[in-house]
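The chain contents come next:
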Amino acid sequence: MGSTSGIDRRSLIKRSAAIGLISVPTMSFLSACASGDSADNKVEKGEKSTDNPLGVNASAPLDFVLFDGGFGVEYAEDAVKVYEKTYPKAKVKFGSTQKIQSELQPRFNGGTPPDLIDNSGAEQMDMGVLVGKDQLTDLTPLLDAPSIDDPSKKVRDILRPGIIEMGQYDGDACYILNYAYTVYGVWYSQTALDKLDAEYPEDWDAMLALCAKAKKKGIAGWTYAGKYPYYIPFSLYPFIGKIGGREVLDAIDNLEPNAWKHPAVKAGFEAYYELFKKGYVLKGTPGIDHVESQTAWTQGKALFLPNGSWVENEAAGTTPDDFEMKVAAPSSLDSSDKLPFGTLWASGGEPFIVPKKAKNPDGGMEQLRIMLSESSSKNFTGKVKSLTALDGGTDGLELTSALKSAVAALEKAGENILNPRLQDWYVELQKQRIGAGAIGEMMAGRMTPAEAMKKCQEFADAAAKDDSVKHYRHK
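Residues numbered from 1 in each chain as written. Predicted model: local features only at pLDDT ≥ 70, side-chain atom pairs only at ≥ 80, totals over all residues. Heavy atoms only, no water.

As recorded in an unreviewed UniProt entry, the protein chain goes by the name ABC transporter substrate-binding protein, listed as coming from Streptomyces wadayamensis. Looking at the protein chain in UniProt, the text filed under Sequence similarities (unreviewed entry) is "Belongs to the bacterial solute-binding protein 1 family." Regarding the protein chain, the UniProt comment filed under Subcellular location (unreviewed entry) reads as follows: "Cell envelope". (UniProt positions renumbered as here; feature names shortened; annotations may be inferred.)

Undergrad: Any chance you could explain the overall build of the protein chain here in plain terms?
TA: When helices and strands are counted, the protein chain shows 20 helices and 10 strands. Taken against the 2.2 N^0.38 rule, which gives 23 Å for 475 residues, the C-alpha radius of gyration of the protein chain at 22 Å falls within 12% of a compact globule. Principal-axis analysis of the C-alpha atoms places the extent of the protein chain at approximately 65 × 55 × 35 Å. (Helix = DSSP H or I, 4+ residues; strand = E, 2+ residues; numbered from the N terminus. Rg over C-alpha atoms; globule rule 2.2 N^0.38 Å.)

Undergrad: What is the right way to read helix H10 (residues 233-244) from this model?
TA: Because each turn of an α-helix spans 3.6 residues, side chains separated by three or four positions in sequence point in the same direction. Between the first and last C-alpha of H10 there are 15 Å, a value that for 12 residues agrees with the 16 Å anticipated at 1.5 Å per step. Of all 12 residues that make up H10, 12 are buried, and the element is covered over most of its length. Those residues of H10 that sit buried are Pro233, Phe234, Ser235, Leu236, Tyr237, Pro238, Phe239, Ile240, Gly241, Lys242, Ile243 and Gly244. Of the residues trailing H10, Gly245 is marked for its positive phi of about 100 degrees. (Expected span 1.5 Å × (residues − 1). Buried < 20%, exposed > 50% of the residue type's maximum accessible area, 1.4 Å probe, protein only.)

Undergrad: How do you make sense of the side chain of Thr97 when you look at a structure like this?
TA: Summarising the element assignment, Thr97 is placed in strand S2 (residues 92-97). Polar contacts involving the side chain of Thr97 include one to the side chain of Glu103, which spans 3.0 Å. Those residues within four positions of Thr97 in sequence are excluded, and the remaining contacts are Val65, Leu66, Phe67, Asp68 and Glu103. (Polar contact = N/O pair within 3.5 Å; in protein donor to acceptor, adjacent residues only side chain to side chain. Contact = heavy atoms within 4.5 Å.)

Undergrad: Help me understand the nonpolar core, please; the structure alone is not making it clear to me.
TA: Taken as a class, soluble globular proteins show a tendency for nonpolar side chains to be buried jointly. Judged by nonpolar contacts, the single largest core of 141 residues is most densely connected at Trp260, Phe269 and Phe304. When sequence neighbours within four positions are dropped, the list of residues in contact with Trp260 reads Tyr237, Ile252, Val265, Phe269, Leu422, Ile434, Met453, Cys456, Gln457 and Ala460. (Core = buried A, V, L, I, M, F, W, Y, C linked by side-chain atoms within 4.5 Å.)

Undergrad: What is the right way to read the pairing of strand S1 (residues 62-67) from this model?
TA: On a regular strand, one side chain projects to one face of the sheet and the next to the other, so that they alternate. Within S1, 6 of the 6 residues are buried, which leaves it mostly tucked inside the rest of the structure. Residue alternation in S1 divides its side chains into two sets, Leu62, Phe64 and Leu66 and Asp63, Val65 and Phe67, and both sets are buried. Running through helix H3 (residues 74-86), the crossover from S1 to the neighbouring parallel element S2 is right-handed. Sheet analysis places S1 next to strand S3 (residues 116-118), joined by 2 bridges and oriented parallel. (Right-handed = clockwise from strand over helix to strand, strands pointing away. Pairing = 2+ DSSP bridges.)

Undergrad: Explanation requested: the environment of Asp424 in the structure shown.
TA: Here Asp424 shows up in helix H18 (residues 422-425). Owing to a relative accessible area of 5%, Asp424 belongs among the buried residues under this scheme. Residues Asp424 and Asn109, 315 residues apart in the sequence, show an inter-C-alpha distance of 23 Å.

Undergrad: Quick question: what am I supposed to make of the packing of aromatic side chains here?
TA: Each aromatic ring pair is characterised by the separation of its centres together with the angle its planes make. Here the structure, examined in full by the defined rule, presents 35 aromatic pairs. Ring centres of Tyr230 and Tyr231 lie 5.7 Å apart, and the angle between their planes is 40 degrees; this geometry places the pair in the tilted category. Judged by relative accessible area, which is 10%, Tyr230 ranks as buried. Between the aromatic rings of Trp260 and Phe269, the centroid separation amounts to 6.2 Å while the plane-to-plane angle is 55 degrees, which identifies the pairing as tilted. On the accessibility criterion, Trp260 (1% relative accessible area) is buried. Among the aromatic residues, ring-to-ring pairing joins Tyr184, Tyr228, Tyr230, Tyr231, Phe234, Tyr237, Trp260, Phe269, Trp310 and Trp345 into one connected group. Here Arg160 stacks its cationic end above the ring of Tyr181, 5.3 Å away from the centre of that ring. (Phe/Tyr/Trp six-rings, centres within 6.5 Å; stacked < 30°, edge-to-face > 60°. Lys NZ or Arg CZ within 6 Å of the ring centre and 35° of its normal.)

Undergrad: Would you mind going over the pairing of strand S6 (residues 302-307) with me for this structure?
TA: For S6, the tally of buried residues reaches 6 of 6 residues, placing the bulk of the element in the interior. Strand direction decides the pairing type here: strand S4 (residues 177-189) and S6, joined by 3 bridges, are antiparallel. Looking at the pairing, Gly185 lines up with Asn307 of S6.

Undergrad: Mind showing me how you'd approach the environment of Met365 here?
TA: Within the element layout of this structure, Met365 appears in helix H15 (residues 361-371). The exposure class of Met365 is buried, given its relative accessible area of 3%. Filtering out sequence-adjacent residues up to four positions away, Met365 remains in contact with Leu54, Asp138, Leu139, Pro141, Leu142 and Val354.

Undergrad: Would you explain the environment of Leu143 in this entry?
TA: The topology assignment puts Leu143 in helix H6 (residues 140-144). Leu143 gets classed as buried once you look at its relative accessible area, which sits at 2%. Ignoring anything within four residues of it in the chain, the contact list for Leu143 reads Lys154, Val155, Arg156, Leu159, Ile164 and Cys174.

Printed below as a string of structure tokens:
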């Protein structure tokens, strides 16, 4: 998966160390970022043309590092081959890793970062820090370049709603291109529900009744990545937004005072806490990671799993052929919800960045332009069973049950698609504080909903007052 400046240096070092952006000794990453004055060693620009709108140097090397996660690496290797065919004199160095921060930190420190990075995974570098310290290239030239399939349209015109906005932090500059388009929600097996003679529950009373029915059969209602409880919000946040309206989530993103005390937050927390209290969460869940929770789920030990659409590919090795994987929007709380059933969280994922000190930033952007072609997009979707940022691009593809359900969920949601920004504006706050320090504790039964709400507000208030953190707001 993917994630989440006015910055005083000492406070920023503390913040970055806390989220694992730097390691001991703690000076390395930030001292390099703060200096920002190393010699410009960029390759010479090429000549712009109809076929080369970004002015790529056709013989310059390209350095591309991909996060090797749920989507694997083959889709990117295929896109690199297209780049090499387009620019046969260019030598492409392609590598993949699960340790983005550990392996790339020294290169940022030395002023020699790759030209293109898939900044994702557990060691994702904090986007807010990178943007705030002016470490990323503005991708506006890419957005304004003609698309490969239809040169009459700019790249910005072929992207799904919200993709550009997710890459913006201040003003119109866009620093991140999220390549995957993720549908977050409640994942389940239609086969498992059929065995219980059940349909997906559209309100919370029905959800609790189904969990009770499953419990009698020795099946848990829910499981989740207990070691990484920031997965829980993938269904909890849109549940809260559905209950109280998108303005509740906007207030949380904006770090507003008392945002976590809203009645919709209280209702959402209490509903999820009820899953724990009634024994509807798989025993041992707080101690398992994302892979273990997915495996328990595909083995039929639990009905529901909060997750994103990368889960189909990531869990493929343990998923039975007759599983019939699907995703649904969160159940309604009741008929008083402000938004209709079908409201869900969907947004860009798998964030790609071009470092400001990259030697060949034009090449990095050109590689992204190639990846946003219909052929590359279909290749990604066909191989990893997930949508891309390209709006459409599924015509002619045979979609799996999971992907069909994701497309159907988007269609049902219509305009009621939510996009909480806490996870990319404030990575450490969302993952370590609110996710692990409050919501995870509540779901493990170590905090009451009231205590968790209070703790979330304390964490948010501290972040709002922290001058070392660049603060963002919904426009």
